[in-house]
Amino acid sequence: MVKASQVDFLVMGAGVAGLRAAVELARHGEVLVVTKESLGESNTHYAQGGIAVAMEGDEDVALHLLDTINAGDGLVRRPAAQALVAEGPVRVAELIEWGAAFDTEDGKGGGELLRTREGAHSLPRILHARGDATGAEISRSLAAFARVHKRIRFAEWTTVTGLAVADGRVIGADLLDSESRLKRVSARAVLVAAGGAGQVYSDTTNPSVATGDGIALAAQAGAALADMEFYQFHPTALSLPGVPRFLISEALRGEGAYLRNDRGERFMERYHPQLELAPRDVVARAIAREGMAAAPDSPPGCSRPVHLDMRHVKNIDLGQRFPGISAFLAQHGLDLARDLIPVRPAAHYLMGGIRTDLFGRTTLPGLYAAGEAACSGVHGANRLASNSLLEGLVFGARAAHSMLDDGLPLVAADATESVPVPLTAGEEAPLEELIAGLRTAMWAYAGLLRRESTLLEGLAAQAVCAAGLAQLAEQGKGSRRLSEAQAMSRVAHAILHSALARTESRGAHFRNDYPQRDDERFLKHSILNRKGPEGQVVFEAW
Ligand code: SIN
């Protein structure tokens, strides 16, 4: 039997967590970074507002920890948050050394780093780059640094379609390249750093690549998932008919923007003492309620416009501070300095994911996870704004350390080299219909306001999608899109079951039928483990 090609470490995903891990791993072995599109197309690239980091010494580290814990609504795993805030300054300093250019006082890299404030932060500690292009700058600088490394290879336009498991250990992965060839690669350790799954929802700030592939593959291979009910809905995505839910960064509120309902009222006064800078889950629900209050019979979501108002902010040049957002708004005839900007919540960030320890180890030997795909418990039930890029840096490096420390041997997997049966043109349209049906149902039934009856409707819709996908798979069909659809369906299944099991409201998970937080029963993490019956959720004080 021909053996699969080999590499020491295989990294799935080329966002901040994957690239940071790859740089570390390459000091000790050959690394293959696999990414579905070109390098740079990841959730990281689209992060606008910034990276939260305590650069002001121990006192700020302690406050950053407190802010992270408070935002997480009782479920933050303290040691994970401690690692995040304490190691963050070193990781960011290192990134600057490698070429990341954050905005500074003189606008040319000189003077102090500029810092802004975002929701639920007690201090301005958010670094930003090119105004509102922080993720793009981090992605650019890390990719440039990694690209010149001789021991890092990139497989762009390549989809991971399966994990190879032998004797209870992950020993490699199956890759589908842009010419639809399927090939197995053996690796000593595989890192899933493939980001989140915003595409599971019809309304999302995430790019089209965010289909939860890594999470679904890990679960399918037998790794446990945790906290899947906690999906963060960003309060302010652009709300224009026929226009994608473009992110309107929280940094606008950090610079003074108000939220106004359709009567012009600054409604956050009724919801939280921190007003527009309240935790993200509070602001998102307030916007949904203000929208629904105007039309009480409308389905979950916003039926009447809520606006972001920056017209009174005169102390900064808005075009210069937010060039990307200003340019996108200009395409639609809107100007931050002149117009009210219509906004609504949209799926943004998954706090849950593949269960890991503090060093990215999943429950399946040989498999590691970092970044949004992972759940170390660092965000609890609600992530503090701008902690995600920092998470990628800190936990990407940590996962690499455990992959090196564990020193697993290479197990040569048998080669799989084949060309799956492509979908016919007549099958592609129904596949897109299945995907669209799932995404619409998830938004309507498992969005930011849920209840048992809607979640059950969501499960029924997910079952229809899963059955349609199973039919295609049984015919030996294979394509990137089919693989993405299977991932979205699995992730939706996990979200729905976890949300049904948590009969309380906490952080980003709000049940209209259980509106209170219930610490007695639910100061715990939800765990989905393939060892139990399908969809069975257990709660653990982890
Ligand atoms: C934003 O710029 O509002 C997004 C930042 C984040 O998700 O933390």
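Before reading further, recall that the structure is shown in the block above.
### A short note on the environment of R304
Okay, step 1: You can see R304 is positioned in the loop between helix 8 (280–293) and strand 13 (306–309).
Okay, step 2: Separated by 38 residues in sequence, R304 and P342 place their C-alpha atoms 9.7 Å apart.

### Comments concerning helix 6 (residues 213–221)
Okay, step 1: The buried fraction of helix 6 is high, at eight of nine residues.
Okay, step 2: Positive backbone phi, at 115 degrees, marks G222, one or two positions downstream of helix 6.

### Quick look at the packing of helix 13 (residues 452–474) against helix 14 (residues 480–501)
Okay, step 1: Their axes nearest at 9 Å, the elements helix 13 and helix 14 cross at an angle of 155 degrees. As far as their axial angle goes, helix 14 and helix 13 are roughly antiparallel. Remark: the crossing between helix 13 and helix 14 carries left-handed chirality. Here E452, L455, L456, G458, L459, Q462, C465, A466, L469, L472 and A473 of helix 13 come into contact with helix 14, specifically with L482, A485, Q486, S489, A492, H493, L496, H497, A499 and L500.
Okay, step 2: Its residues placed into classes, the contact of helix 13 with helix 14 shows 14 nonpolar, six polar and one charged.

### Some points on the pairing of strand 2 (residues 31–34)
Okay, step 1: Every second residue of strand 2 is oriented toward a common face, with V31 and V33 on one face and L32 and V34 on the other, all of them buried.
Okay, step 2: Pairing geometry for strand 1 (residues 5–12) and strand 2, over four bridges, is parallel. Each residue of the ladder has a partner; that of V11, found in strand 2, is V33.
Okay, step 3: Of the crossover connections in this fold, the one passing from strand 1 over helix 1 (residues 16–25) to the parallel strand 2 is right-handed.
Okay, step 4: Pairing of strand 2 with strand 6 (residues 152–155) involves four bridges; the strand directions are parallel. Bridge pairing in strand 6 links V34 to A155.

### Structural notes on the sheet that holds strand 4 (residues 115–116)
Okay, step 1: Sheet architecture is open: three strands sit in the order 3-5-4, paired in antiparallel fashion. Only two strands of the sheet have a single partner each, and these edge strands are strand 3 (51–52) and strand 4.
Okay, step 2: Pairing of strand 4 with strand 5 (residues 126–127), which is carried by two bridges, proceeds in the antiparallel orientation. When the bridges of strand 5 are listed, R115 appears paired with L127.

### Things to note about the site of the ligand
Okay, step 1: Close contacts around the ligand come from Q48, G49, H234, L247, S249, E250, R280, H348, R383, A385 and S386, and that covers them all.
Okay, step 2: The contact in question runs from an oxygen atom of the ligand to an N or O atom on the backbone of G49, over 2.8 Å.
Okay, step 3: Separating an oxygen atom of the ligand from a backbone N or O atom of E250 is a distance of 2.6 Å.
Okay, step 4: With the chains in place, 96% of the 250 Å² that the ligand exposes on its own is no longer accessible.
Okay, step 5: Class assignment for the residues of the shell around the ligand results in two nonpolar, six polar and three charged.

### Considerations on the pattern of salt bridges
Okay, step 1: Scanning the entire structure with this criterion turns up 48 salt bridges.
Okay, step 2: The partner of E276 in a salt bridge is R266, with the nearest N and O atoms 2.8 Å apart. Of this pair, E276 sits in the loop between strand 12 (258–260) and helix 8 while R266 sits in the loop between strand 12 and helix 8; the two residues are ten residues apart in sequence, bridging distant segments of the chain.
Okay, step 3: Since its relative accessible area comes to 3%, E276 is described here as buried.
Okay, step 4: We classify R266 as partly exposed; its relative accessible area is 23%.

### Comments concerning the packing of aromatic side chains
Okay, step 1: Enumeration according to the criterion identifies nine aromatic pairs in this entry.
Okay, step 2: Centre to centre, the rings of W98 and F145 are 4.4 Å apart; their planes meet at 10 degrees, and the pair counts as stacked. Separated by 47 residues along the polypeptide, W98 in the loop between helix 4 (78–97) and strand 4 and F145 in helix 5 (residues 134–147) bring together distant segments of the chain.
Okay, step 3: When its relative accessible area of 15% is taken as the criterion, W98 is described as buried.
Okay, step 4: You can call F145 partly exposed: its relative accessible area is 30%.
Okay, step 5: A centroid spacing of 3.9 Å and a plane angle of 5 degrees characterise the contact between F246 and F328, whose relative ring orientation is stacked. Remark: F328 occurs in helix 10 (residues 323–331) and F246 occurs in the loop between strand 11 (231–238) and helix 7 (251–254); sequence separation between them is 82 residues.
Okay, step 6: An aromatic cluster is built from Y201, Y231, F233 and W443, whose rings are joined through pairwise contacts.
Okay, step 7: Between the NZ or CZ atom of R289 and the centre of the ring of F510, over which it lies, the distance is 5.0 Å.
Okay, step 8: Between R398 and the ring centre of F359, over which it is positioned, the NZ or CZ distance is 4.2 Å.

Thresholds, definitions, all that
Residues numbered from 1 in each chain as written. Predicted model: local features only at pLDDT ≥ 70, side-chain atom pairs only at ≥ 80, totals over all residues. Heavy atoms only, no water. Helix = DSSP H or I, 4+ residues; strand = E, 2+ residues; numbered from the N terminus. Buried < 20%, exposed > 50% of the residue type's maximum accessible area, 1.4 Å probe, protein only. Axes fitted to C-alpha atoms, helices over the stretch in contact; angles between N-to-C directions. Parallel < 35°, antiparallel > 145°, perpendicular 65-115°, else oblique. Left-handed = near helix turned anticlockwise from the far one by under 90°. Contact = heavy atoms within 4.5 Å. Nonpolar A, V, L, I, M, F, W, Y, C, P; charged D, E, K, R; others polar. Pairing = 2+ DSSP bridges. Right-handed = clockwise from strand over helix to strand, strands pointing away. Near = heavy atom within 4 Å. Polar contact = N/O pair within 3.5 Å; in protein donor to acceptor, adjacent residues only side chain to side chain. Areas by Shrake-Rupley, 256 points an atom, 1.4 Å probe, with all protein chains shown as cover. Salt bridge = Lys/Arg side-chain N within 4 Å of Asp/Glu carboxyl O. Phe/Tyr/Trp six-rings, centres within 6.5 Å; stacked < 30°, edge-to-face > 60°. Lys NZ or Arg CZ within 6 Å of the ring centre and 35° of its normal.

Function cannot be inferred from these measures alone, as they are strictly geometric.
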